[in-house]
Amino acid sequence: MDAPLIDHHCHVVARGPLGRDELESFLTESDQPPPPGCTAFDSLLGVELRRRCAPVLDLAADADPDDYTARRAELGGDEANRRLLTASAVETLLVDTGLGGDAMLDLAELTRLSGAPAHEVVRLETVAEEVAADGVAAAEFESGFGEALRRRAADAVAVKSIVAYRHGLDFDPRPPSTAEVVKAAGRWLAAGGRVRDEVLLRHLLWEGRATGLPLQLHTGFGDPDVDLARSDPALLTEFLRASAAGPPVLLLHCYPYHRHAAYLASVFPHVHIDVGLAIPHVGRRARAILAETLELAPFHKLLYSSDAYGLAELYLLGALGFREALDEVLDELAIGPTDRDRIARMIGSGNARRVYGLAD
Ligand SMILES: [Zn+2]
């Protein structure tokens, strides 16, 4: 499939160069190293990385992980990132800036090295935590967050929530009252730490809806902070009913609940989905995941994302894996040549353009 790709959910990458352990830490969602004597390269993702990325760094496919790490360091962070990012040939990036830091490229650097314009997606919980860090009274949290969000969202293409990580998707779907928000803000500001209060997380979500921007929601697997059983997007059914009149909702990742997500996308006009992160983690099994997703998801509801974080390799593996799997699935589904091109364009970039209002 050579139709253009818009990566509608990704993160920044490490400046590098990276040591072997650091590189491996980005190959797993675990926050722990593998057992002694074992390696994160022994996974479908690790195999794919050596097969597909090594030639981009002038090594033979399936290069040894130590040789790969050494060659990456020899090229330097900028050159390795540039090669891998440009090889992914993604046209536009929508970047969740909630994960960052000095070791990571900023959006301007990401665009310089990839050649793809990058737009920001603002994480609601991060904005709330910035407001708290600036020092705000419980009674002023609601207005303070509202102002900060409007400011941050002014140049953004979407807002994003990680309520799945902070609470679970089994939250009360109603927007809380001001009195409830003040009380909950009082509890949180006194205790400190990350925002995990269910009332506040709901408030953030509904304020996010009020910006008029599309809302991205993490669902499905992720790092061990997530309680997988509580990240099933089917748990969002009541919230999706309640938010149906608003801007688009994008369910991110969805795996292993991608069939549940596909059902939601098929019945709620504002709901869209992706299978980012699963591709590239599942390697050549991407075809099966995509085929299962397209059993019910209308073609105008599926978007491409890599969910790449930390490694430019993940941008490349996401894009190559998706292109290849989509080709295979369209074959498998016996989609004729005329529709095939149209559908590939829709899924690759057209749906993202429509949902986020991006220019052609
Ligand atoms: Zn992500």
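Here is what the cut-offs are and how they apply
- Residues numbered from 1 in each chain as written.
- Predicted model: local features only at pLDDT ≥ 70, side-chain atom pairs only at ≥ 80, totals over all residues.
- Heavy atoms only, no water.
- Helix = DSSP H or I, 4+ residues; strand = E, 2+ residues; numbered from the N terminus.
- Rg over C-alpha atoms; globule rule 2.2 N^0.38 Å.
- Contact = heavy atoms within 4.5 Å.
- Lys, Arg positive; Asp, Glu negative; His and termini not counted.
- Charge placed at Lys NZ, Arg CZ, Asp CG, Glu CD.
- Donors = N, O, S within 2.8 Å, 3.2 Å for Na, K, Ca; no water.
- Buried < 20%, exposed > 50% of the residue type's maximum accessible area, 1.4 Å probe, protein only.
- Core = buried A, V, L, I, M, F, W, Y, C linked by side-chain atoms within 4.5 Å.
- Pairing = 2+ DSSP bridges.
- Axes fitted to C-alpha atoms, helices over the stretch in contact; angles between N-to-C directions.
- Patch = residues over 30% accessible without salt bridge, like charges linked within 9 Å, V, L, I, M, F, W, Y side chains within 5 Å.
- Areas by Shrake-Rupley, 256 points an atom, 1.4 Å probe, with all protein chains shown as cover.
- Salt bridge = Lys/Arg side-chain N within 4 Å of Asp/Glu carboxyl O.
- Disulfide = S-S within 2.5 Å.
- Right-handed = clockwise from strand over helix to strand, strands pointing away.
- Phe/Tyr/Trp six-rings, centres within 6.5 Å; stacked < 30°, edge-to-face > 60°.
- Polar contact = N/O pair within 3.5 Å; in protein donor to acceptor, adjacent residues only side chain to side chain.
- Expected span 1.5 Å × (residues − 1).

**Considering the overall build of the protein**
Argument step 1. Within the protein, the secondary structure is distributed over 16 helices and eight strands.
Argument step 2. Taken against the 2.2 N^0.38 rule, which gives 21 Å for 360 residues, the C-alpha radius of gyration of the protein at 20 Å falls within 12% of a compact globule.
Argument step 3. Intrachain contacts of the protein at a sequence separation of at least 6 include 76% that bridge at least 24 residues.
Argument step 4. Positive and negative charge centroids in the protein, built from 36 and 55 side chains respectively, lie 3 Å apart.

**Brief notes about the coordination of the zinc ion**
Argument step 1. Distances from the zinc ion to its protein donors, His9 (NE2), His11 (NE2) and Asp307 (OD), fall within 1.9 to 2.1 Å.
Argument step 2. Sequence spacing of the donor residues for the zinc ion, all on one chain, is H-x1-H-x295-D.
Argument step 3. You can call His11 buried: its relative accessible area is 4%.

**Some words on the nonpolar core**
Argument step 1. Core analysis: the biggest nonpolar cluster contains 108 residues, and Phe141, Leu217, Phe239, Leu251, Ile273 and Leu326 have the highest contact counts within it.
Argument step 2. When residues of this core are assigned to their parent elements, the largest contribution, 11 residues, is made by helix H15 (residues 312-332).
Argument step 3. Discounting residues that sit within four places of it in the chain, Leu326 has contacts with Met1, Leu290, Leu294, Ala344 and Ile347.
Argument step 4. Judged by nonpolar contacts, the second largest core, of 11 residues, contains Val157, Leu250, Val355 and Tyr356.

**Description of the sheet that holds strand E5 (residues 215-219)**
Argument step 1. Reading across the sheet, the seven strands line up as E1-E2-E3-E4-E5-E6-E7 and stay open at both edges, with parallel pairing between neighbours. The open sheet has two free edges, formed respectively by strand E1 (6-10) and strand E7 (271-273), since each of these has just one partner strand. This sheet shows a mean twist of 25° between the axes of neighbouring strands, independent of strand direction.
Argument step 2. Note that strand E2 (residues 92-96) and strand E3 (residues 118-123) share four bridges and pair parallel. Opposite Val95, over in E3, you have Glu120 as the bridge partner.
Argument step 3. Against the sheet, helix H12 (residues 258-267) touches strand E6 (249-253) and E7, its axis set at about 145° to E7.
Argument step 4. Contacting E1, E2, strand E4 (158-161), E5, E6 and E7, helix H16 (residues 337-356) crosses the sheet at an angle of about 65° to E1.

**Side note on a nonpolar patch on the surface**
Argument step 1. Together, Tyr263, Val267 and Leu296 make up a nonpolar patch on the protein surface, roughly 270 Å² of accessible area in all.
Argument step 2. Counting through the fold element by element, Leu296 comes out in the loop between helix H14 (286-293) and H15.
Argument step 3. Overall, the relative accessible area of 46% leaves Leu296 in the partly exposed class.

**Some words on the state of the cysteines**
Argument step 1. Considering all chains together, one arrives at zero disulfides under this definition.
Argument step 2. For the unlinked cysteine Cys254, the closest cysteine sulfur is that of Cys10, found at 16 Å.

**Some points on the pairing of E5**
Argument step 1. Where burial is concerned, most of E5 is hidden: five out of the five residues are buried.
Argument step 2. Both faces of E5 are covered, namely the face carrying Leu215, Leu217 and Thr219 and the face carrying Gln216 and His218.
Argument step 3. In terms of strand pairing, E4 meets E5 through three bridges, oriented parallel. Bridging from a neighbouring strand, Lys160 pairs with Gln216 of E5.
Argument step 4. For E5 and E6, the ladder comprises five bridges, and the chain directions are parallel. Looking across to E6, one finds that Thr219 is bridged to His253.
Argument step 5. Regarding the hand of the β-α-β motif, the stretch spanning E5, helix H11 (residues 237-242) and E6 is right-handed.

**Some thoughts on the packing of aromatic side chains**
Argument step 1. Counted according to the given criterion, the structure contains seven aromatic pairs.
Argument step 2. Ring centres of Phe171 and Phe239 lie 5.6 Å apart, and the angle between their planes is 65°; on these two criteria the pair is classed as edge-to-face. Of the two residues, Phe171 sits in the loop between helix H8 (163-166) and helix H9 (178-191) while Phe239 sits in helix H11, which places them 68 residues apart along the sequence. Accessibility assignment for this pair places Phe171 and Phe239 in one class, buried.
Argument step 3. The structure contains a cluster of three or more aromatic residues connected by ring pairs, namely Phe141, Phe145 and Trp188.

**Description of the side chain of Glu313**
Argument step 1. Along the chain, Glu313 falls in helix H15.
Argument step 2. Among the polar contacts listed, one links the side chain of Glu313 to the side chain of Tyr68, at a separation of 2.6 Å.
Argument step 3. Apart from residues no more than four positions distant in its own chain, Glu313 is found in contact with Leu49, Cys53, Tyr68, Arg72 and Leu84.

**Quick look at helix H10 (residues 198-210)**
Argument step 1. Taking 1.5 Å per residue as the helical rise, H10 with its 13 residues ought to reach 18 Å, and the 19 Å between its terminal C-alpha atoms agrees with that figure.
Argument step 2. The opening residue of H10, the one whose side-chain oxygen lies 2.8 Å from the backbone nitrogen of Val199, is Asp197.
Argument step 3. Positive phi appears at Gly212, one or two residues downstream of H10, with a value of about 85°.

**Here we look at the environment of Asp170**
Argument step 1. Residue position: Asp170 is located in the loop between H8 and H9.
Argument step 2. On the basis of relative accessible area, Asp170 is assigned to the partly exposed category, the value being 36%.
Argument step 3. As a C-alpha pair, Asp170 and Pro117 span 53 residues in sequence and 36 Å in three-dimensional space.
Argument step 4. Apart from residues lying up to four places away in sequence, Asp170 is in contact with Arg230 and Leu235.

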